[in-house]
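This is what each chain is made of:
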Amino acid sequence: MGKCISFHSYKGGTGKTTLAANFSYLLASKGYKVYLLDLDFYAPSLYSYFNFEPQFWINDYLRNKADLDDIMIDSRSLIDFKFEGNLSVGFSKGGKEDIYQLEGSLLNDKEQQVRQFRNFIAMREDLLVNKEADFIVMDTSPGIRYWSINSIVISDIVLLTLKMGDLDLRGTIKMIKEIYSSLIEHGSVCKLLLNRVAGYCVPHSDLDSVNKNIMSGDSVYKNKIDRELEKIVNGLVKVDTMLEIPCYCDIQFKEKEFLTIHEFPEHPFTTKIKDLVNQVENLD
Ligand SMILES: Nc1ncnc2c1ncn2[C@@H]1O[C@H](COP(=O)(O)OP(=O)(O)OP(=O)(O)O)[C@@H](O)[C@H]1O
Ligand SMILES: [Mg+2]
């Protein structure tokens, strides 16, 4: 049976979309059947990265207006790569009206809200059972919002992404205590991804030695304060850190985040995503 994995965070801009897209790409290139879902209904971005306006959106599926085959777009029609496996992408639409519909807040329609949530669960089952997905990868909205919570609730693995240097630690810890702790109690695996840690973006003269250290997994330049903060998070909620990903200033301005590891297969960022894939593959 395949696995459902979500990338979530308390604050916005932590790297969820970048990591989810590159992670999905690498899984597909390893031969897996992968479904990447943009569930950031409040601020969807994958359709702009892929530069693609689908005829049907995940929103339509949730409202019984489209089938799974209508909304899942085979990436071969989107990008010019050949995977050993398979990558399909589901896009979401996030206008004001769409959000009202999704939250069932038009006419305060609770029934519609429940129906959509049922369809959401059915989508997961359909992908895992009928489509034989190896991985469903979900990009979510930050914070405690209706569809983020729905997404992490149906995930087997939740990767909570923190952006070093811009932590809202109190908020994150509160969210972990209030929401993640019960997910963990019910058998979900939750791990921290520490993104944009120190260690790469250093003066140019030091770059070679830093590169070597990062490649060997020894991030000697990791900020001591960040390490202390990490201990606090881990200590309080017993959520382990799965991976530290340095800040790579040279890739952050790329418009199509998805293409990063394809464009730069030798970049240390690619090595990090490979590490993430290996760790997820080895989780029970
Ligand atoms: N390790 C990294 N090094 C450098 N830049 C990064 C790294 N990870 C992400 N970024 C950059 O940070 C910015 C925000 O990333 P991204 O859009 O993936 O975050 P997000 O969590 O999906 O944001 P939102 O919550 O708004 O959806 C992007 O410009 C991205 O290229
Ligand atoms: Mg995003």
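What you see is a predicted model; the values in this text were computed from it and never measured.

Scoring rules and cut-offs
Residues numbered from 1 in each chain as written. Chains lettered and ligands numbered in written order. Predicted model: local features only at pLDDT ≥ 70, side-chain atom pairs only at ≥ 80, totals over all residues. Helix = DSSP H or I, 4+ residues; strand = E, 2+ residues; numbered from the N terminus. Buried ≥ 20, exposed ≤ 12 C-beta atoms within 10 Å, placed from the backbone. Contact = placed C-beta atoms within 7 Å. Pairing = 2+ DSSP bridges. Axes fitted to C-alpha atoms, helices over the stretch in contact; angles between N-to-C directions. Expected span 1.5 Å × (residues − 1). Arc of directions from axis to C-beta. Core = buried A, V, L, I, M, F, W, Y, C linked by C-beta atoms within 7 Å. Parallel < 35°, antiparallel > 145°, perpendicular 65-115°, else oblique. Left-handed = near helix turned anticlockwise from the far one by under 90°. Nonpolar A, V, L, I, M, F, W, Y, C, P; charged D, E, K, R; others polar. pLDDT = per-residue confidence, 0-100.

What the chain contains, in helices and strands, is twelve helices and eight strands. Across the 284 residues in the chain, those meeting the buried criterion constitute 39%. Restricting to contacts in the chain with at least 6 residues of sequence separation, those with at least 24 account for 78%.

The subject of this paragraph is the sheet that holds strand β5 (residues 135-140). Pairing is mixed in the open sheet, where eight strands are placed in the order β3-β4-β2-β5-β1-β6-β7-β8. Only two strands of the sheet have a single neighbouring strand rather than two, namely β3 (72-74) and β8 (241-246). On average, adjacent strands in this sheet sit at an angle of 20 degrees to one another, irrespective of strand direction. For strand β2 (residues 33-39) and β5, the ladder comprises six bridges, and the chain directions are parallel. Bridged to Asp38 within β5 is Asp139. Lying over the sheet, helix α12 (residues 268-281) contacts β1 (3-8), β6 (157-163) and β8, oriented at roughly 170 degrees with respect to β8.

Before going further, it helps to spend a moment on the pairing of strand β7 (residues 189-197). For β7, the tally of buried residues reaches seven of nine residues, placing the bulk of the element in the interior. Two elements, β7 and β8, share five bridges in a ladder whose sense is parallel. Bridge pairing links Val197 to Pro246 in β8.

Between its terminal C-alpha atoms helix α6 (residues 110-130) stretches 29 Å, which fits the 30 Å expected from 21 residues at 1.5 Å a residue. Within α6, burial applies to Gln116, Met123, Arg124 and Leu127. Around the axis of α6, the buried residues are gathered within 90 degrees of arc, so they sit on the same side. Turned more than 90 degrees away from the buried face of α6 sit Lys110, Glu111, Val114, Arg118, Ile121, Glu125, Val129 and Asn130, all of them exposed. Check the buried side of α6 and you find it contacts β1, β2, α3 (58-62), α4 (68-71), α5 (96-103) and β5. Positioned one or two residues after α6, Glu132 has a phi angle of 50 degrees, which is positive.

Looking now at unusual backbone geometry. Of note, Asn64 is a non-glycine position whose phi angle comes to about 60 degrees, a positive value. Relative to the assigned elements, Asn64 resides in the loop between α3 and α4. Owing to 10 C-beta atoms within 10 Å, Asn64 belongs among the exposed residues under this scheme. A positive phi angle, close to 50 degrees, is found at Glu132, a residue other than glycine.

The nonpolar side chains of soluble globular proteins are, as a tendency, buried together. The biggest cluster of nonpolar side chains holds 64 residues, and the ones touching the most others in it are Phe23, Val34, Leu36, Ile136 and Val137. The contact partners of Phe23, leaving out residues within four places of it in the chain, are Val137, Ile273, Leu276 and Val277.

Direction vectors running N to C along helix α1 (residues 16-29) and α12 enclose 70 degrees, while the axes themselves pass 10 Å from each other. Regarding the angle of α1 to α12, the classification is roughly perpendicular. Crossing angle aside, the handedness with which α1 passes α12 is right-handed. Judged by residue contacts, Asn22, Phe23, Leu26 and Leu27 of α1 engage Ile273, Lys274, Leu276 and Val277 from α12. Residues of the contact of α1 with α12, tallied by class, amount to six nonpolar, one polar and one charged.

This next bit is on the confidence of the model for the chain. Confidence in the prediction of the chain, expressed as mean pLDDT, is 84, and 82% of residues score 70 or more. Within the model, pLDDT remains below 50 along residues 202-225, and this stretch shows 31 contacts once partners closer than five positions in the same chain are excluded.

Within β5, six of the six residues are buried, which leaves it mostly tucked inside the rest of the structure. Burial of β5 is two-sided: the residues Phe135, Val137 and Asp139 facing one way and the residues Ile136, Met138 and Thr140 facing the other way are all buried. Judged from the five bridges that link them, β1 and β5 form a sheet pairing that is parallel. Across the sheet, Lys3 pairs through a bridge with Phe135, a residue of β5.

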